[in-house]
Amino acid sequence: MSAKTTMHSTTVLPSGEQYEITSGSQRATIVEVGGGLREYEVDGRPVIDPYPAEQICDGAHGAPLAPWPNRLADGRYTFDGIEYQVPLTEPEKGNAIHGFLRWRPWTAVERDDEHVIMAARLFPLDGFPFPLDVRVSYQLGPHGLTVTATAANIGDRSCPYGYGQHPYLSPGRGLIDECGLQLAGRTRVLTDAERQLPMGREPVHGTEYDFLQPHRLGTTRIDYAFTDLVRDPAGRAWTRLWGPDGACVELWVDETCPFVETYTGDTLAPARARRGLGTEPMTGAPNAFGSGDGLIRLEPGESTTTTWGVGLS
């Protein structure tokens, strides 16, 4: 004879536990899977383009990207004279993309009404034998949402590192085509059409990618990293998106981010394409593990911290 057991449980959401924080008219939801930002709104108006709680995160919406952002050519890199190979997670282009932590469960290690800290430990892997502790803090305040990411090398040897995050700025309603856009980047990182790997740099002046002065985005397709960023007296570089409703979403990065990837979302599923502007703080260039361009070297016991923020004006 055999016995059957019926399990009764609540529905498991694809992004896991939902951690909601609020401050006045602001509300944000951070998720267990990937430790990312699923939604952020002010007075009910989306600031970050959300994805539904009942669906899998698409297009890396809101996700921290570690221990590298963007693409790694052939999944191969050399560090301290040793060559490493990691799995190809963008096999159609022969790349590894966005690190290892997007689909792993993170833990909320601190939490109050306006604040949550998500933490993940990356144990040594084949191709990346370097243990890391990564924490991402989400804090609501009078000037919006501030995100602070810290990685600590908990191993006994030096390790390579890079960080990025993948929020999409929201137009409020409709498509980003009707939005005004201002980018801080004076230089665009050129990439090849097949694999989207760096192949040089070009000043944006006189090109269709010159958004140093705000103007309508229209049908311009963008999926490039920008650098040589214009910064304010506090060292912050800003991306601004004006929605058709007149509201402006503003995202800033601190001086640890010399690159901001801008992505108009054209390759997302049709119902999701161009609904938000991917605006990705990055500590290094695309393929930094391969080229060393912006690569961070963390010694044993060392940590590195990057801060960025977003709000509505």
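Conventions and cut-offs
Residues numbered from 1 in each chain as written. Predicted model: local features only at pLDDT ≥ 70, side-chain atom pairs only at ≥ 80, totals over all residues. Heavy atoms only, no water. Salt bridge = Lys/Arg side-chain N within 4 Å of Asp/Glu carboxyl O. Helix = DSSP H or I, 4+ residues; strand = E, 2+ residues; numbered from the N terminus. Buried < 20%, exposed > 50% of the residue type's maximum accessible area, 1.4 Å probe, protein only. 1 Å grid on protein atoms, 1.4 Å probe; cavity = no way out; pocket = protein on both sides within 12 Å on 5 of 7 lines; lining within 4 Å. Points joined across faces, edges and corners; volume = space filled by probe spheres on them. Nonpolar A, V, L, I, M, F, W, Y, C, P; charged D, E, K, R; others polar. Pairing = 2+ DSSP bridges. Core = buried A, V, L, I, M, F, W, Y, C linked by side-chain atoms within 4.5 Å. Contact = heavy atoms within 4.5 Å. Phe/Tyr/Trp six-rings, centres within 6.5 Å; stacked < 30°, edge-to-face > 60°. Polar contact = N/O pair within 3.5 Å; in protein donor to acceptor, adjacent residues only side chain to side chain.

1. Section: the pattern of salt bridges
Using the criterion set out here, one finds 21 salt bridges in the structure. One salt bridge in this structure joins Asp-49 and Arg-272, with 3.8 Å as the shortest N-O distance. Pair noted here: Asp-49 is in the loop between β4 (45–48) and β5 (64–65) and Arg-272 is in the loop between β24 (259–263) and β25 (277–282), with a separation of 223 residues, a long-range link. Among the residues examined, Asp-49 registers a relative accessible area of 9% and is labelled buried. Among the ionic pairs, Arg-274 bridges to Asp-266, the shortest N-O distance being 2.7 Å. The same class applies to Arg-274 as to Asp-266, namely buried. Counted as one network, the salt bridges with shared partners bring together Glu-20, Arg-27, Arg-38, Glu-39 and Glu-41.

2. Regarding the layout of surface pockets
Volume-wise, the largest pocket comes out at about 420 Å³. In terms of lining residues, the largest pocket is bounded by 24 residues, among which Gly-59, Arg-71, Ile-97, Tyr-263 and Thr-267 are the most central. Each residue belonging to the lining of the largest pocket can be placed in one class, and the counts come to 7 nonpolar, 7 polar and 10 charged.

3. So, the sheet that holds strand β23 (residues 248–253)
Here 9 strands make up an open sheet; going across it, the order is β10-β11-β12-β13-β27-β23-β22-β17-β20 and the pairing antiparallel. Of all strands in the sheet, those with a lone pairing partner are β10 (107–112) and β20 (215–216), marking the two edges. Of the strand pairs in this sheet, β23 and strand β27 (residues 303–312) are connected by 5 bridges, and their pairing is antiparallel. From the neighbouring strand, Val-249 faces β27, where its bridge partner is Leu-312.

4. Overview of empty space enclosed by the protein
If you walk through the whole model with that rule in mind, you get 4 cavities of 30 Å³ or more. Surrounding the largest cavity, 15 residues form its lining, Val-33, Gly-34, Tyr-51, Cys-57 and Arg-102 being those nearest its centre. Per-class residue counts for the lining of the largest cavity are 8 nonpolar, 6 polar and 1 charged. Every residue lining the second largest cavity is counted, 14 residues in all, and those nearest its centre are Trp-68, Pro-69, Ala-285, Ala-288 and Phe-289. For the lining of the second largest cavity, the secondary-structure elements that each account for two or more residues are β6 (71–73) and α1 (288–291).

5. Quick look at the nonpolar core
The biggest cluster of nonpolar side chains holds 65 residues, and the ones touching the most others in it are Tyr-40, Tyr-77, Tyr-138, Leu-145 and Val-310. With 5 residues, strand β12 (residues 132–141) is the largest single contributor of residues to this core. Leave out the neighbours within four places in its chain, and Tyr-77 touches Leu-72, Ile-82, Glu-83, Tyr-84, Val-86, Gly-127, Phe-128, Phe-130, Pro-160, Phe-289 and Gly-290. Counting 5 residues, the second-largest nonpolar core is a separate cluster that includes Val-189, Ala-225, Phe-259 and Ala-285.

6. Digging into the environment of Pro-105
With respect to the element layout, Pro-105 can be found in the loop between β9 (95–97) and β10. Separated by 71 residues in sequence, Pro-105 and Ile-176 have C-alpha atoms that sit 31 Å apart.

7. Quick word on the packing of aromatic side chains
According to the stated counting rule, one finds 11 aromatic pairs in the structure shown. Relative to Tyr-263, the ring of Tyr-168 has its centre 6.1 Å away and its plane inclined at 65 degrees; by these criteria the two rings are edge-to-face. On the criterion of sequence distance, the pair formed by Tyr-168 in strand β16 (residues 168–169) and Tyr-263 in strand β24 is long-range, its members being 95 residues apart. The same class applies to Tyr-168 as to Tyr-263, namely buried. Ring centres of Tyr-209 and Tyr-224 lie 5.2 Å apart, and the angle between their planes is 70 degrees; on these two criteria the pair is classed as edge-to-face. Of the two residues, Tyr-209 sits in the loop between β19 (198–203) and β20 while Tyr-224 sits in strand β21 (residues 223–229), which places them 15 residues apart along the sequence. Looking at Tyr-209, the relative accessible area reads 10%, which means it is buried. Three or more aromatic residues joined by ring pairs form one cluster here, namely Trp-68, Tyr-77, Phe-79, Tyr-84, Phe-100, Phe-128, Phe-130 and Phe-289.

8. Considerations on the pairing of strand β22 (residues 237–242)
Taken together, the 3 bridges between strand β17 (residues 180–182) and β22 define a ladder with antiparallel strand orientation. The residue bridging Leu-181 from the neighbouring strand is Leu-241, located in β22. Hairpin remark: β22 followed by β23, antiparallel, with 5 residues in the connecting loop; positive phi at Gly-246, about 90 degrees.

9. Observations concerning the side chain of Thr-227
Examined against the element boundaries, Thr-227 turns out to sit in strand β21. Residue classification places Thr-227 among the buried residues on the basis of a relative accessible area of 7%. Looking at Thr-227, its side chain comes within polar contact range of the main-chain oxygen of Pro-258, at 2.7 Å. With sequence-adjacent residues up to four places away left out, Thr-227 is seen in contact with Gly-185, Arg-186, Thr-187, Arg-201, Pro-258 and Phe-259.

Nothing here speaks to function; it is geometry throughout.
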